[in-house]
Amino acid sequence: MKPTRTQVGIVGAGPAGLVLSHLLHREGIESIVLESKSRQYCEERIRAGVLEWGTVDLLNQMGVGERMKREGLVHYGIELRFAGRGHRIDFKDLTGRAITVYGQHEVIKDLIQARLADQGQIVFEAEDVRVQAFDTPRPKIQYALSGNVQEIHCDFIAGCDGFHGVCRPSIPSGILTAYERIYPFGWLGILAEAAPSSEELIYAYHERGFALHSMRSPKITRLYLQCGPEEDLANWPDAKIWSELQRRLAGGKEWKLNEGPILQKGVTGMRSFVVEPMQYGRMFLAGDAAHIVPPTGAKGLNLAVADVRVLARGLKEFYFSGSTALLDRYSEICLRRVWRVQRFSWWMTSLLHRHEGNPFDDRRQLAELDYLTSSRAASQSLAENYVGLPLD
Ligand code: FAD
Ligand code: DHB
């Protein structure tokens, strides 16, 4: 077996790995992406849906924003619904910015298509990926393809393989410090063939638990319900999901939640997780491989993109000048944003979810929502974090 040589070996074809590969290509830096799943699986996996303005800007600058510009839904606000009433947070007025609702799997489709059109190499269905020798100047990645072992020799490894990937656990013990919080609830998410019932997202706080109304297109609604952390979907027939959503999202006589066939259902657990540092030797962790946020602030994908933007700049500096100054500061630069986003995601989650056991919390949360929706300063703080802090 003759090893293949590239400059940057990237593990994982999620948003982090694909954006990195594309950014490097634009600087004339070669990479190979190794992905354990099939192309179809990656392109159909339903996950996040909200893009910050900075993510949208970057995708446009990268030349992969054409379809997003046509099909993405630009939103200038969200609604917070509690005590049966809706309150709009006006992003345009408060920040001058907007967010774009465009499914993560659509971003993935656009990125894969662009990489392949540029003769980029993405190896799908790579088995048994192993990252090696990343504490030396000559890292290697071994994997198997249809049972045949292959090897890539590279200058750097980017661990973009998500929370359950192989890169983070390959770092020797004692190097990384993990910070973690696990929440005692999860989200049951559905995709339904029904027209969205509101033009904007609705985040609802309700005594029965949190609910979220989002969308993917003028005909497809995405909805979430707070549930147990390991809820069994068998306990949730479609009729029960709709009745629970109707109750939690109720918003006055004239508002009605449109129902339709449920196309997809899933349960996601919730955690906050960060490792420090995000690098070891010549391996850099990016996106969910290094940190997880609970989904309430819609930040996971955006944070993954922010990491690889920093990494691409560092790698560019290395290949153009030989300096590792920026690469050496990769963790420090990324972690500043990571912790600000962790704080926001934790805060949105605590604010909007029902915490069992202490009625004091319920009153306190209602007071906070009241303050948030009646104070310009408080609304502005939510808005500037939600649309996305400026990229470094
Ligand atoms: P990922 O998208 O996880 O990509 C990692 C890639 O690496 C995957 O394609 C995986 O198949 C591949 N991989 C893993 N292990 C290996 C290996 N050993 N070898 C090769 N390849 C490997 N965020 C929100 O904001 N809102 C949401 O509603 C939301 N829903 C989510 C639902 C689920 C089920 C999950 C898991 C996440 C959700 N997120 C959500 C978070 C958001 O989708 C992630 O933050 C985002 O995908 C991070 O991108 P990434 O590229 O870092 O990782
Ligand atoms: C969606 C997901 C989120 O986590 C969120 O906060 C808002 C919207 C979505 O999937 O559309």
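Details of the structure are given in the entry above.
Definitions and limits used
Residues numbered from 1 in each chain as written. Chains lettered and ligands numbered in written order. Predicted model: local features only at pLDDT ≥ 70, side-chain atom pairs only at ≥ 80, totals over all residues. Heavy atoms only, no water. Near = heavy atom within 4 Å. Polar contact = N/O pair within 3.5 Å; in protein donor to acceptor, adjacent residues only side chain to side chain. Areas by Shrake-Rupley, 256 points an atom, 1.4 Å probe, with all protein chains shown as cover. Helix = DSSP H or I, 4+ residues; strand = E, 2+ residues; numbered from the N terminus. Nonpolar A, V, L, I, M, F, W, Y, C, P; charged D, E, K, R; others polar. Buried < 20%, exposed > 50% of the residue type's maximum accessible area, 1.4 Å probe, protein only. Contact = heavy atoms within 4.5 Å. Pairing = 2+ DSSP bridges. Salt bridge = Lys/Arg side-chain N within 4 Å of Asp/Glu carboxyl O. Axes fitted to C-alpha atoms, helices over the stretch in contact; angles between N-to-C directions. Parallel < 35°, antiparallel > 145°, perpendicular 65-115°, else oblique. Left-handed = near helix turned anticlockwise from the far one by under 90°. Core = buried A, V, L, I, M, F, W, Y, C linked by side-chain atoms within 4.5 Å. Phe/Tyr/Trp six-rings, centres within 6.5 Å; stacked < 30°, edge-to-face > 60°.

Draft legend 1. Region of the structure containing the site of ligand 1. Around ligand 1 there are 30 residues in total, and Glu 35, Arg 45, Arg 47, Gln 104 and Asp 288 lie nearest to it. The separation between an oxygen atom of ligand 1 and a polar main-chain atom of Ala 16 is 2.9 Å. Arg 47 is positioned with one of its side-chain polar atoms (N or O) 2.9 Å from an oxygen atom of ligand 1. Taken by itself ligand 1 offers 990 Å² of open surface, and the protein chains cover 83% of this. Put simply, the parts of the chain that give the shell around ligand 1 at least two residues each are helix H1 (15-26) and helix H9 (300-321). When residues of the shell around ligand 1 are assigned to their parent elements, the largest contribution, three residues, is made by H9. Among the residues making up the shell around ligand 1, the classes are represented as 14 nonpolar, nine polar and seven charged.

Draft legend 2. Structural detail: the side chain of Thr 221. Summarising the element assignment, Thr 221 is placed in strand S17 (residues 220-227). Take Thr 221: its relative accessible area is 0%, and that puts it in the buried class. Engagement of the side chain of Thr 221 in a polar contact is seen with the backbone oxygen of Ala 194, the distance being 2.6 Å. A distance of 3.4 Å separates a polar side-chain atom of Thr 221 from the backbone oxygen of Ala 195. If we ignore the near neighbours within four places in the chain, the residues touching Thr 221 are Ile 190, Leu 191, Ala 192, Ala 194, Ala 195, Pro 196, His 213, Ser 214 and Met 215.

Draft legend 3. Fine view of the sheet that holds strand S21 (residues 291-292). Spatially, eight strands are ordered S7-S6-S15-S16-S17-S14-S18-S21 in an open sheet, and the strand pairing comes out mixed. For this open sheet the edge positions go to strand S7 (85-90) and S21, each flanked by a neighbour on one side alone. One ladder, built from two bridges, connects strand S18 (residues 262-276) with S21; its direction is antiparallel. Opposite Val 274, over in S21, you have His 291 as the bridge partner.

Draft legend 4. Spatial organisation of the pattern of salt bridges. Counted by the stated rule, this structure contains 24 salt bridges. Across the pair Glu 200 and Arg 88 runs a salt bridge whose closest N-O atoms are separated by 2.7 Å. Of this pair, Glu 200 sits in the loop between strand S14 (177-192) and strand S15 (202-204) while Arg 88 sits in strand S7, placing them 112 residues apart in sequence. Exposure remark for Arg 88: the relative accessible area of 45% places this residue in the partly exposed category. Here Arg 208 makes a salt bridge to Glu 244, at a shortest N to O gap of 2.8 Å. Taken together, the positions of Arg 208 in the loop between S15 and strand S16 (211-217) and Glu 244 in helix H8 (residues 238-249) put the pair 36 residues apart, joining distant regions of the chain. For Arg 208, a relative accessible area of 37% puts it in the partly exposed group. The exposure class assigned to Glu 244 is buried, which follows from its relative accessible area of 7%. What emerges from the salt-bridge pattern is a single network uniting Arg 67, Glu 71, Glu 106, Lys 109 and Asp 110.

Draft legend 5. Focus on the packing of H9 against helix H11 (residues 330-352). Packing of H9 against H11 brings their axes to within 10 Å, and their N-to-C directions diverge by 160°. By the angle between their directions, the pair H9 and H11 is classed as roughly antiparallel. Relative to H11, H9 is oriented so that their crossing is right-handed. The residues of H11 that touch H9, namely those facing Leu 303, Ala 306, Asp 307, Val 310 and Leu 311, are Tyr 330, Ile 333, Cys 334, Arg 337, Val 338 and Val 341. Its residues assigned to classes, the contact of H9 with H11 shows nine nonpolar, no polar and two charged.

Draft legend 6. Quick peek at the sheet that holds strand S11 (residues 140-145). Sheet architecture is open: four strands sit in the order S1-S12-S11-S10, paired in mixed fashion. The open sheet is flanked by strand S1 (4-5) and strand S10 (127-132), the only strands paired with a single partner. Bridge count for S11 against strand S12 (residues 148-153) is six bridges, and the pairing is antiparallel. Bridge pairing in S12 links Leu 145 to Asn 148.

Draft legend 7. Local environment of the site of ligand 2. Taken together, 14 residues form the shell around ligand 2, and within it Tyr 203, Ser 214, Arg 216, Tyr 224 and Pro 295 come nearest. Here Ser 214 contributes a side-chain N or O atom positioned 2.6 Å from an oxygen atom of ligand 2. In this structure, an oxygen atom belonging to ligand 2 sits 2.7 Å away from a main-chain N or O atom of Pro 295. Burial of ligand 2 by the surrounding chains reaches 97%, relative to a free accessible area of 290 Å². Listing elements by their share of the shell around ligand 2, those giving two or more residues are S16 and S17. When residues in the shell around ligand 2 are grouped by element, the largest group, three residues, is from S16. When grouped by side-chain class, the residues that make up the shell around ligand 2 number eight nonpolar, three polar and three charged.

Draft legend 8. Examining the nonpolar core more closely. Membership of the largest hydrophobic core comes to 75 residues, with the highest contact counts inside it found for Val 19, Leu 20, Leu 34 and Ile 141. For this core, the leading source of residues is H9, giving 10 residues. Contacts of Val 19, omitting those with residues within four sequence positions, involve Leu 58, Leu 59, Met 62, Leu 111, Val 305 and Val 308. If you look at the next biggest cluster of nonpolar residues, it comprises 34 residues, including Phe 91, Ile 99, Met 215 and Tyr 386.

Draft legend 9. Spatial organisation of the packing of aromatic side chains. Applying the stated rule across the entire model yields 15 aromatic pairs. With a centroid separation of 6.1 Å and an interplanar angle of 80°, the aromatic rings of Phe 134 and Tyr 280 are classed as edge-to-face. Of the two residues, Phe 134 sits in the loop between S10 and S11 while Tyr 280 sits in strand S19 (residues 279-280), which places them 146 residues apart along the sequence. Consider the rings of Phe 156 and Phe 284, whose centres lie 6.2 Å apart with planes at 50°: the pair is tilted. Here the residue Phe 156 occupies a position in strand S13 (residues 156-159), and Phe 284 occupies one in strand S20 (residues 283-285), the gap between them amounting to 128 residues. A network of ring pairs unites the aromatic residues Phe 91, Trp 187, Tyr 203, Phe 210, Tyr 224 and Tyr 386 as a single cluster.

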